[in-house]
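Coordinate analysis (summary)
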Amino acid sequence: MNRLERKNVAYLCFIVLCTVFLSSGSLSAKSKEQMDLLQPVQATVNGSNVSIDPRIELLSVVQILSTYNQNFGLMTDLDFTYKQDVLDQFSTFASHPAVTLFSKMSMKGFSYDAPPTMMLYLTNAFELDENKELDEKLVLRAGSMEQLKSFASMLKQFAADTNFQKFYLEHESFYKKMIKQVSQVLEKESYITELEEYYNIHNNSYNIILAPLHRGGGFGPRLTDAEGKDDIYSILGPVDVVEDIPVFGDKQSFDYLVWHEFSHSFINPLTEVFQNQFTQSDALFAPIAVKMERLAYSNWETALNEHLIRTITARRTLYESGQEAYEKAIKDEKRQGFFYIELLSDKIASYEQNRKEYKDFNAFYPEIVKLLNELNLQELDSSFYTMPFEGPINAALQIDGQTVVIMPSQENTLVQEKITEYCMAIVNLLTHKLGMQATAIIDKEALQMDLSDKNIIAYGTVEGNLWLKAYETKLPFKITKDKIVADQIYSGNNLRLISTLPHPNNEAKSLLIYTAQEAIDILNINSVNHGMTDYVVAKNEEIIAQDNYLKDEKTWKYK
């Protein structure tokens, strides 16, 4: 899954309080018996088994105590009582061997989908299930079979040492509330029937595991039993909290998540079967490698699976919501680096329109191989892999290449130095937290440089930042001492404006402006909630207005 796609830019920090681990004795017979009794809290709705799984919850506790979130940002940043209960109950075990081993393993490839997939190979007593054959790729990502077994053993010890069973049972009523909320969404849909009809491939079971401590989004693992039948999973994190209960999505988001995550179990095995028929696949991966690796898709096979699944979910958007929504979905995917999606969509349309010829997706897959092999023979220039910048604010922080933060030099002397310090702190954040190539320069220097190949973030009042002043006539807004003129006139004092626009000299690059009526209001301007729209007008931190611009080929203007 796209771990940056369809989300706000977040600045995550998690402080782990470590104490000396005191208890490491062997498991008692009573502890093992208690673990044997732990069962998922679950319901079956229209062919989907919806559950809170004790194995995933145990893993989540270990993950949230470790350095995992600091390194990958894959745990929820939402606040709710259950999350605090976890921290209160388990924080004193932050130096437990299970936690420290997981921190080390996660930095060597055992991350993203690998840890929750491994948990599915355990029994509810947290022991490796002898009836399930471990996937070779999973073992490789764990480091070795010995290390995987060691981690499983430490997890079991962690459960006993922390009395995890008691905690889990005490929160059953909370788990049931989440199950009920999701069941109410699923009972109105027929996802399983639709998926099986689309691919004409049938699986043993379909399982949605709710993981309240995970970040929004999910993973889609598949386990094959001894008879060759597949149990497929969608492990989902929450996207919101309502009345202290994590919410995993409405109909629209479930449409996407269920189709996306479950589709992995249909598409991934087919790609494995046909992968040797692709020629020079690296040639197609190389131009998109940076964007794909940013999303944790580090090879062509994984990137291809994501291309295909995102193509299919986009085409579902076409049928469910119409052409305009489909075109937006395609643009959103291309912006993240899935540049082959339009060609794949046109090809997959022929599958949908000729089901008599292609009885299932397996029969159609050679057409995908043919398309991509032919594409390999073409000389695609850089224009194929670029898109005009179209906002919103968050997208300005996701464009490849260098970003220059332009600092003002002409602000009030009382705050000039503080604004410079603030801008340098922003550069540090962009560089070390978001992994961007960011540097800071003074406005005077910026005016003497060719910045056409760089994304620009400009801080300061229009009068105080000489670079902004030079481009003032090209800005769609006007700021005076007593008002901001944007989509309408906003009168008053202490007004701020955050806006993204296309780079004035390169439509593929972005310009992001943080400005205000007074220089003092530039300080901490990032505390204004922004990101999902093209512009925000605020008084102090209170948002007065936010929206997107009307856009044509050359201009952005207010609605």
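The text that follows walks through the structure, step by step, so that each part is easy to find. Given the structure is predicted, the values throughout are model-derived calculations rather than measurements. (Residues numbered from 1 in each chain as written. Predicted model: local features only at pLDDT ≥ 70, side-chain atom pairs only at ≥ 80, totals over all residues. Heavy atoms only, no water.)

Taken N-terminus to C-terminus, the directions of helix α2 (residues 54-65) and helix α5 (residues 97-106) make an angle of 75 degrees; their axes are 9 Å apart at the nearest point. The angle between α2 and α5 places the two elements in the roughly perpendicular class. Along the contact surface, α2 presents V62, Q63 and L65, while α5 presents A98, V99 and F102. Looking at the contact of α2 with α5, its residues break down into five nonpolar, one polar and no charged. (Axes fitted to C-alpha atoms, helices over the stretch in contact; angles between N-to-C directions. Helix = DSSP H or I, 4+ residues; strand = E, 2+ residues; numbered from the N terminus. Parallel < 35°, antiparallel > 145°, perpendicular 65-115°, else oblique. Contact = heavy atoms within 4.5 Å. Nonpolar A, V, L, I, M, F, W, Y, C, P; charged D, E, K, R; others polar.)

Two faces belong to every sheet, and in a regular strand the side chains alternate between them. The pairing of strand β9 (residues 402-407) with strand β10 (residues 437-442) spans six bridges and is parallel. Across the sheet, residue I406 finds its bridge partner in β10, namely I441. Between β9 and its parallel partner β10, the chain crosses via helix α19 (residues 413-432), and the hand of that crossover is right-handed. (Pairing = 2+ DSSP bridges. Right-handed = clockwise from strand over helix to strand, strands pointing away.)

For the rest of this paragraph, the subject is the pattern of salt bridges. All told, the structure shown has 28 salt bridges when counted by the stated rule. When the shortest N-O distance is used, the salt bridge between E390 and R335 registers 3.2 Å. Residue E390 is found in the loop between α18 (361-377) and β9, and its partner R335 is found in helix α16 (residues 323-335); the two are separated by 55 residues along the sequence. Connected through salt bridges with shared partners, the residues E194, K251, D255, R316 and E320 form a single ionic network. (Salt bridge = Lys/Arg side-chain N within 4 Å of Asp/Glu carboxyl O.)

Where strand β17 (residues 535-539) lies against strand β18 (residues 542-547), five bridges are found, and the strand directions are antiparallel. The residue of β18 that forms the bridge with A538 is I543.

Ranked by size, the top nonpolar core spans 116 residues in total, and within it M118, F158, F361 and Y365 carry the most contacts. In terms of residue count, helix α12 (residues 251-274) provides more of this core than any other element does, ten residues in total. Contact partners of F361, with chain neighbours within four places excluded, come to Y198, Y199, I267, L270, I312, I348, Y351 and I368. Within the second largest apolar cluster, 56 residues are counted, among which are L475, I525, V528 and A545. (Core = buried A, V, L, I, M, F, W, Y, C linked by side-chain atoms within 4.5 Å. Buried < 20%, exposed > 50% of the residue type's maximum accessible area, 1.4 Å probe, protein only.)

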